[in-house]
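Descriptive structure summary
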Amino acid sequence: MGKKVLIIEDDSNIAELLRLYMEKDGFEVTIADNGATGLAEFEQNKPDLVLLDIMIPIVDGWGVCREIRAKSNVPIIMLTAKGETHDKVTGLKMGADDYIVKPFEIGELMARTHAVLRRFDATDKTEGTRLDFDNLSIDMDSFELQVNGKRVEAPRKEMELLYHLASSPNRVYTRNQLLDEVWGFDYFGDSRTVDVHVKRLREKLENVSDKWSLKTVWGVGYKFELQNG
């Protein structure tokens, strides 16, 4: 049996079109037409991926994303008619793994779906993924970030980005490299995806240690810098 996908979408035409293509591609599909039903289906079916519209009844997509992220790191792709940068940033801050604007090409959505699932599977199969620095612990087995000995909540993509940078201290990554290697795709086309996540990480890691830092390399990208000695 294929991976399970939960589609939370109140436009029945879009939902059924997605079901048709996804079932043809081997996915097991469940549809919910409002946020409350979507959350109930999530609890009952434990999907491997959620396709989530923002403008849905009862509980909107932001609320659904927040509820799911409070209990699960399952991949979420936001679907919406809104294309403003603010909406993309909001979705990414809440822990969405990708964001696609309607109307979309079904081929692009399917490609993004497979890319997100590949990245999720690769992360879950990695063992011994814990890094420790002064006053900082990044544990990808339990998806737990500890700062000064206390657990700090961080969405999946923030954890993956920090781990990726810290795995190669002092190496500089361009934004496009990080999009490709952390998000698993390079066609999002907006470097602010990375910038937003770095900004959020800095808010959590500010003044934690003088032995390491999350640095901007102007005109290039970012690095996790370790101080000599």
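Keep in mind it's a predicted model, so treat the numbers as computed, not measured.

Cut-off values and rules
- Residues numbered from 1 in each chain as written.
- Predicted model: local features only at pLDDT ≥ 70, side-chain atom pairs only at ≥ 80, totals over all residues.
- Heavy atoms only, no water.
- Core = buried A, V, L, I, M, F, W, Y, C linked by side-chain atoms within 4.5 Å.
- Buried < 20%, exposed > 50% of the residue type's maximum accessible area, 1.4 Å probe, protein only.
- Helix = DSSP H or I, 4+ residues; strand = E, 2+ residues; numbered from the N terminus.
- Contact = heavy atoms within 4.5 Å.
- Pairing = 2+ DSSP bridges.
- Axes fitted to C-alpha atoms, helices over the stretch in contact; angles between N-to-C directions.
- Polar contact = N/O pair within 3.5 Å; in protein donor to acceptor, adjacent residues only side chain to side chain.
- Phe/Tyr/Trp six-rings, centres within 6.5 Å; stacked < 30°, edge-to-face > 60°.
- Salt bridge = Lys/Arg side-chain N within 4 Å of Asp/Glu carboxyl O.

1. Here we look at the nonpolar core
Soluble globular proteins: nonpolar side chains tend toward being buried together. Grouped together as the largest cluster of nonpolar side chains are 28 residues, with contacts concentrated most on Phe133, Leu136, Ile138, Leu145, Leu161, Leu178 and Phe224. Ranked by residue count, the leading element in this core is helix α6 (residues 156-167), at 5 residues. In contact with leucine 145, other than residues within four places in its own chain, are Leu136, Ser137, Ile138, Lys150, Arg151, Val152, Ala154, Met159, Leu162 and Lys204.

2. A word on the sheet that holds strand β5 (residues 98-101)
Note on sheets: strands pair through backbone hydrogen bonds, and any given pair is parallel or antiparallel. If you walk across this open sheet you meet the 5 strands as β2-β1-β3-β4-β5, and the pairing is parallel. Here the strands that pair on one side only, and so sit at the sheet edges, are β2 (28-32) and β5. On average, adjacent strands in this sheet sit at an angle of 20° to one another, irrespective of strand direction. Pairing analysis gives 4 bridges linking strand β3 (residues 49-53) to strand β4 (residues 76-80), with the strands arranged parallel.

3. Here's the deal with the side chain of arginine 69
Residue placement: arginine 69 occurs in helix α3 (residues 61-69). You can call arginine 69 buried: its relative accessible area is 14%. Looking at arginine 69, its side chain comes within polar contact range of the side chain of aspartate 97, at 3.0 Å. Excluding residues that lie within four positions of it along the chain, arginine 69 makes contacts with Val74, Pro75, Ile76, Met94, Gly95 and Asp97.

4. Re the packing of aromatic side chains
Under the criterion given, the structure shown has 2 aromatic pairs. Between phenylalanine 133 and phenylalanine 224, the ring centres sit 4.8 Å apart and the planes meet at 50°, which makes this aromatic pair tilted. Separated by 91 residues along the polypeptide, phenylalanine 133 in strand β6 (residues 130-133) and phenylalanine 224 in strand β12 (residues 221-226) bring together distant segments of the chain. For the ring pair tryptophan 212 and phenylalanine 224, a centre distance of 5.5 Å and an interplane angle of 15° mean the geometry is stacked. You can see tryptophan 212 sitting in strand β11 (residues 212-217) and its partner phenylalanine 224 sitting in strand β12, a full 12 residues away along the chain. Among the aromatic residues, those joined into a cluster by ring pairs are Phe133, Trp212 and Phe224.

5. Quick look at the pattern of salt bridges
This model, assessed by the stated rule, comprises 21 salt bridges. In this structure, the salt-bridge partner of glutamate 16 is arginine 19, at a minimum N-O distance of 3.2 Å. Taken together, the residues span about one helical turn, with glutamate 16 and arginine 19 both in helix α1 (residues 12-24) at a distance of 3 residues. A salt bridge links glutamate 144 to arginine 151; the nearest nitrogen and oxygen atoms lie 3.4 Å apart. One continuous salt-bridge network, built from bridges that share partners, spans Arg69, Asp97, Arg156, Lys157 and Glu160.

6. Remarks on the sheet that holds strand β10 (residues 173-174)
One open sheet holds the 3 strands; their spatial order is β10-β12-β11, and the pairing between them is antiparallel. Among the strands making up the open sheet, the edge pair consists of β10 and β11. In this sheet, β12 lies alongside β10 in antiparallel orientation, the contact comprising 2 bridges. Across the sheet, the residue bridging to threonine 174 is glycine 221, located in β12. Here α6 sits on the sheet and contacts β10, β11 and β12; the angle it forms with β12, its principal contact strand, is near 60°.

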